[in-house]
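Next come the chains, spelled out residue by residue.
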Amino acid sequence: MTMTAEEQMSEGQHAIPMEGEDITPKKDGGVLKLVKREGTGTELPMTGDKVFVHYVGTLLDGSHFDSSRDRGEKFSFELGKGQVIKAWDIGVATMKVGELCQLICKPEYAYGSAGSPPKIPPNATLVFEVELFEFRGEDVTEEEDGGIIRRIITKGQGYSKPNEGASVDVTVVGSCEGRVFDERELKFEVGDGEGLGFPVGVEKAIIAMEQEEEALFNIKPKYGFGNAGNAKYNIPGGATLQYKIKLTAFEKAKESWEMNTVEKLEQGSIVKDKGTQYFKEGKYKQASVQYKRIVSWLEHESGLSEEDEKKAKALRLAAHLNLAMCFLKLQEPNQVLENCDKALELQASNEKALFRRGEALFGMKEFDKARDDFQQVAQLYPANKAAKSQVSLCQKRIKEQHEKDKRIYANMFQKFADRDSKKEAETVKGEGKASDDDGMEVENGEKEVASEAKA
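Note that this is a predicted model, so its numbers are computed, not measured.

Conventions and cut-offs
Residues numbered from 1 in each chain as written. Predicted model: local features only at pLDDT ≥ 70, side-chain atom pairs only at ≥ 80, totals over all residues. Heavy atoms only, no water. Pairing = 2+ DSSP bridges. Helix = DSSP H or I, 4+ residues; strand = E, 2+ residues; numbered from the N terminus. Salt bridge = Lys/Arg side-chain N within 4 Å of Asp/Glu carboxyl O. Buried < 20%, exposed > 50% of the residue type's maximum accessible area, 1.4 Å probe, protein only. Phe/Tyr/Trp six-rings, centres within 6.5 Å; stacked < 30°, edge-to-face > 60°. Expected span 1.5 Å × (residues − 1). Arc of directions from axis to C-beta. Contact = heavy atoms within 4.5 Å. Lys, Arg positive; Asp, Glu negative; His and termini not counted. Polar contact = N/O pair within 3.5 Å; in protein donor to acceptor, adjacent residues only side chain to side chain. Axes fitted to C-alpha atoms, helices over the stretch in contact; angles between N-to-C directions. Parallel < 35°, antiparallel > 145°, perpendicular 65-115°, else oblique. Left-handed = near helix turned anticlockwise from the far one by under 90°.

Caption draft 1: The arrangement of the pairing of strand 11 (residues 179-189) in detail. Here strand 10 (residues 167-176) pairs with strand 11 via 10 bridges, running antiparallel. Directly across from valine 168, in strand 11, lies its bridge partner phenylalanine 188. Hairpin connection between strand 10 and strand 11: a loop of 2 residues separates the two successive antiparallel strands, and glutamate 177 in this loop has a positive phi of roughly 55°.

Caption draft 2: Representation of the pattern of salt bridges within the structure. Counted under the stated rule, the structure contains 29 salt bridges. Between aspartate 66 and arginine 71 there is a salt bridge, with its nearest N and O atoms 2.8 Å apart. A relative accessible area of 48% means that arginine 71 is categorised as partly exposed. Linking lysine 342 and glutamate 299 is a salt bridge whose minimum nitrogen-to-oxygen distance equals 3.5 Å. Here lysine 342 is found in helix 8 (residues 333-346), whereas its partner glutamate 299 is found in the loop between helix 6 (284-298) and helix 7 (306-329), with 43 residues between them in sequence. For lysine 342, a relative accessible area of 29% corresponds to the partly exposed category. Linked through salt bridges whose partners overlap, the residues forming this network are Glu78, Lys81, Glu138, Arg150 and Glu213.

Caption draft 3: Here's a closer look at the packing of aromatic side chains. Tallying each qualifying case throughout the model produces 16 aromatic pairs. Between the aromatic rings of phenylalanine 65 and phenylalanine 128, the centroid separation amounts to 5.7 Å while the plane-to-plane angle is 85°, which identifies the pairing as edge-to-face. Here the residue phenylalanine 65 occupies a position in strand 4 (residues 64-67), and phenylalanine 128 occupies one in strand 7 (residues 126-136), the gap between them amounting to 63 residues. As far as the burial class goes, phenylalanine 65 and phenylalanine 128 line up, both buried. Between the aromatic rings of tryptophan 88 and phenylalanine 128, the centroid separation amounts to 5.3 Å while the plane-to-plane angle is 85°, which identifies the pairing as edge-to-face. Taken together, the residues span a long stretch of sequence, with tryptophan 88 in helix 3 (residues 86-92) and phenylalanine 128 in strand 7 at a distance of 40 residues. In this structure phenylalanine 128 comes out as buried when scored by relative accessible area, which is 4%.

Caption draft 4: Structural detail: the environment of glycine 41. Mapping glycine 41 onto the fold places it in the loop between strand 2 (31-37) and strand 3 (50-59). With 57 residues separating them in the primary sequence, glycine 41 and glycine 98 have C-alpha atoms 9.3 Å apart.

Caption draft 5: Layout of helix 10 (residues 367-380). Between its first and last C-alpha atoms helix 10 spans 20 Å; for 14 residues at 1.5 Å apiece the expected length is 20 Å, and the two agree. Turning to helix 10, its buried residues number three or more, namely Phe367, Ala370, Asp373, Phe374, Val377 and Ala378. The arc enclosing the buried residues of helix 10, seen along the axis, measures out at 140°, which places them on a common side. Turned more than 90 degrees away from the buried face of helix 10 sit Lys369 and Gln379, all of them exposed.

Caption draft 6: Highlighting the sheet that holds strand 8 (residues 138-139). Overall, antiparallel pairing links the 6 strands, which are arranged 8-9-12-13-10-11 in an open sheet. Strands with a single pairing partner mark the edges of an open sheet, and in this sheet they are strand 8 and strand 11. Two elements, strand 10 and strand 13 (residues 241-251), share 9 bridges in a ladder whose sense is antiparallel. Within the sheet, the bridge partner assigned to threonine 171 lies in strand 13 and is lysine 246.

Caption draft 7: Representation of the environment of phenylalanine 75 in the model. Position of phenylalanine 75 among the secondary structure elements: in strand 5 (residues 75-78). Under the relative-accessibility criterion, phenylalanine 75 is labelled partly exposed at 28%. Dropping the residues within four chain positions of it, phenylalanine 75 is found in contact with Val51, Phe52, Val53, Tyr55, Val84 and Trp88.

Caption draft 8: Focus on the side chain of glutamate 203. When you line up the elements, glutamate 203 lands in helix 4 (residues 200-206). One buried charged residue, glutamate 203, remains without a salt bridge, the closest side chain of opposite sign being lysine 204 at 8.5 Å. Reaching out from glutamate 203, the side chain makes a polar contact with the backbone nitrogen of aspartate 192 at a distance of 3.3 Å. Among all residues touching glutamate 203, those that are not within four sequence positions of it are Phe188, Glu189, Val190, Gly191, Asp192 and Gly193.

Caption draft 9: Representation of the pairing of strand 7 within the structure. Here strand 3 pairs with strand 7 via 10 bridges, running antiparallel. Counterpart to histidine 54 in the pairing with strand 7 is glutamate 131. Strand direction decides the pairing type here: strand 6 (residues 100-105) and strand 7, joined by 6 bridges, are antiparallel. Within the sheet, the bridge partner assigned to leucine 103 lies in strand 7 and is phenylalanine 128.

Caption draft 10: Spatial organisation of the packing of helix 7 against helix 8. Helix 8 packs onto helix 7 with a crossing angle of 160° between their chain directions and a minimal axis gap of 8 Å. In this view, helix 7 runs roughly antiparallel relative to helix 8, as classed from their interaxial angle. For the element pair helix 7 and helix 8, the recorded crossing hand is left-handed. Here helix 7 contributes Lys313, Arg316, Leu317, His320, Leu321, Leu323, Ala324, Phe327 and Leu328 to the contact with helix 8, which in turn contributes Gln335, Val336, Asn339, Cys340, Lys342, Ala343 and Leu346.

Laid out in structure tokens, this is it:
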């Protein structure tokens, strides 16, 4: 809506004309936009995007109250998140990169009846000249490494988001270089996604969403199918993926503090069985997610009855032992050591914990420490033939390492001896050369004297 001259006059005489298009959703004239310079391209910023602008703010009488240009630094904010006045969230969402526009903002879309003392009086209509330089999607990774970037198409409802174990109803469309490779509507539990053929980034994206939100996610290889790619979907290694996801509904899994002891023990048994099933299928990451839930529920539980304490301890022990086994398969030895140590705190001479810790140490070439663990297993559990075999193997590796060290040191000492001999020879030679040089100087001097005498 463009205001007529009569309407402008009814607003009173102002240094700045009240003109522009009404861009408010309600069409109540609360924000008027006048484009002063067109932007480039067709893309507009979306909710959640980080936008970078310059602005100059004035009152209707033309007096300036704020300017990013005067500060010499662009202003940035996340669009649609309520970080700025309503008029800005509405107005900047309509701009293209490079665009310069004027926004006339009624009090209800600015600072209202309170104003912003001392520069902005109550019930002030404000005028902003805004230039949009760039916008970028929101990084939803914990590390903020740019691996998963979100562009919100439709803002969700409320503030609640799915958590680990939540039941989610989603529509998912995956594409790579413009080719759709996965399109489906399904219900599943967060933590089961990889077993359904989703890369880890999809679940990380979902737990950042609100109900009824629809968004585009740009997923880098680290959170996608990695350097291996995906043969089923014909995705090459190192590919960046795009996923369009709509979270239709979800039901959060109960957090630890929301469950009583009975529920934790019941759910612990359920997810343990679920993790074991994943492990049997070779899905070690998904299995580890389930076992970690048991630890998070029961690790700090106190004041239990003797019977419940026994059940909780058994579940925690099983979880740590199974996590150690998962991390052995995933070749993450430090995680193996951590979980074996936790298991040994619960049961000091646990056969599996000692053996698996030995395996991790062996893989890290800590043969002395690995041998100690395997020897302990062999002594405590004489029937464990594998432990005895591993002790022998460790002894062999230790011997090989000693022989290798001896050769290295022998060569090193020989090099030192050779170097010292060479230095000594060079020193002797240098001293002899110095004597010859002195003789040459005398001889030359004598020749020069003789020459002068002859002349």
